[in-house]
Amino acid sequence: MKRDPRTILLTLWRCLKLQCPACGRASIVQRPFYVKKSCSACGVIFKREEGFFVGAIMANVVATEVFILLVYFASLLLTNFDEQITLTILFVIGVSFPVVFYHHSWSLWLGMDHLIEGLPREKR
Ligand SMILES: [Zn+2]
């Protein structure tokens, strides 16, 4: 499905705010570390099938690896930390970043799915 750049930017903006990528009127988060089954405003399904969450995990792993690489390159270029200190910092990032990024990885995965094929709606 072809999308115009404005729709893509709007969807990404909703993802950053952890809102429904389809309508932007409700949060995707029920409580910390628990994504709603569907949107309370428009009814699109967030958790639609077994294994759908694997994409969100993949988004989280890729984002964590990219962030670790960026921090590593920045530390090589901008600091002269001891190698052990750098590895300790990278380890702490490797453990904490996926936890902090959990909701946004779900949000980005839902937004990408919404842009590519559209999220299905609940039958009411
Ligand atoms: Zn919605």
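The present account deals with the structure reproduced in this document. (Residues numbered from 1 in each chain as written. Predicted model: local features only at pLDDT ≥ 70, side-chain atom pairs only at ≥ 80, totals over all residues. Heavy atoms only, no water.)

Overview of the coordination of the zinc ion
Then, number 1: Donor atoms from the polypeptide that coordinate the zinc ion comprise Cys20 (SG), Cys23 (SG), Cys39 (SG) and Cys42 (SG), at 2.2 to 2.3 Å from the metal.
Then, number 2: As a motif over one chain, the donors of the zinc ion read C-x2-C-x15-C-x2-C. Linking Cys20 in the loop between helix 1 (5-16) and strand 1 (29-31) with Cys42 in the loop between strand 2 (34-35) and helix 2 (53-78), this pair joins segments that are 22 residues apart in sequence. The exposure classification of Cys20 matches that of Cys42, with both residues buried. (Donors = N, O, S within 2.8 Å, 3.2 Å for Na, K, Ca; no water. Helix = DSSP H or I, 4+ residues; strand = E, 2+ residues; numbered from the N terminus. Buried < 20%, exposed > 50% of the residue type's maximum accessible area, 1.4 Å probe, protein only.)

Some details on the pattern of salt bridges
Then, number 1: Going through the model one piece at a time under the given rule, you end up with two salt bridges.
Then, number 2: Among the ionic pairs, Asp113 bridges to Arg48, the shortest N-O distance being 2.9 Å. Separated by 65 residues along the polypeptide, Asp113 in helix 4 (residues 102-116) and Arg48 in the loop between strand 2 and helix 2 bring together distant segments of the chain.
Then, number 3: Classification of Asp113 as buried rests on a relative accessible area of 9%.
Then, number 4: Here Glu117 ties to Arg48 by a salt bridge, and the two come within 2.8 Å at their closest N and O atoms. Taken together, the residues span a long stretch of sequence, with Glu117 in the segment after helix 4 and Arg48 in the loop between strand 2 and helix 2 at a distance of 69 residues.
Then, number 5: Residues joined in a network through salt bridges with shared partners are Arg48, Asp113 and Glu117. (Salt bridge = Lys/Arg side-chain N within 4 Å of Asp/Glu carboxyl O.)

Observations concerning the nonpolar core
Then, number 1: Core analysis: the biggest nonpolar cluster contains 17 residues, and Cys20, Ile28, Cys39, Val44, Phe46, Trp106 and Leu110 have the highest contact counts within it.
Then, number 2: Not counting residues up to four positions away in its chain, the partners in contact with Ile28 are Leu18, Gln19, Cys20, Pro21, Val35, Lys36, Phe46, His103, Trp106, Ser107 and Leu110. (Core = buried A, V, L, I, M, F, W, Y, C linked by side-chain atoms within 4.5 Å. Contact = heavy atoms within 4.5 Å.)

Things to note about unusual backbone geometry
Then, number 1: We note that Leu18 has phi near 60°; this positive angle belongs to a residue other than glycine.
Then, number 2: Along the chain, Leu18 turns up in the loop between helix 1 and strand 1.
Then, number 3: Although it is not a glycine, Phe33 adopts a positive phi angle of roughly 65°.
Then, number 4: Along the chain, Phe33 turns up in the loop between strand 1 and strand 2.

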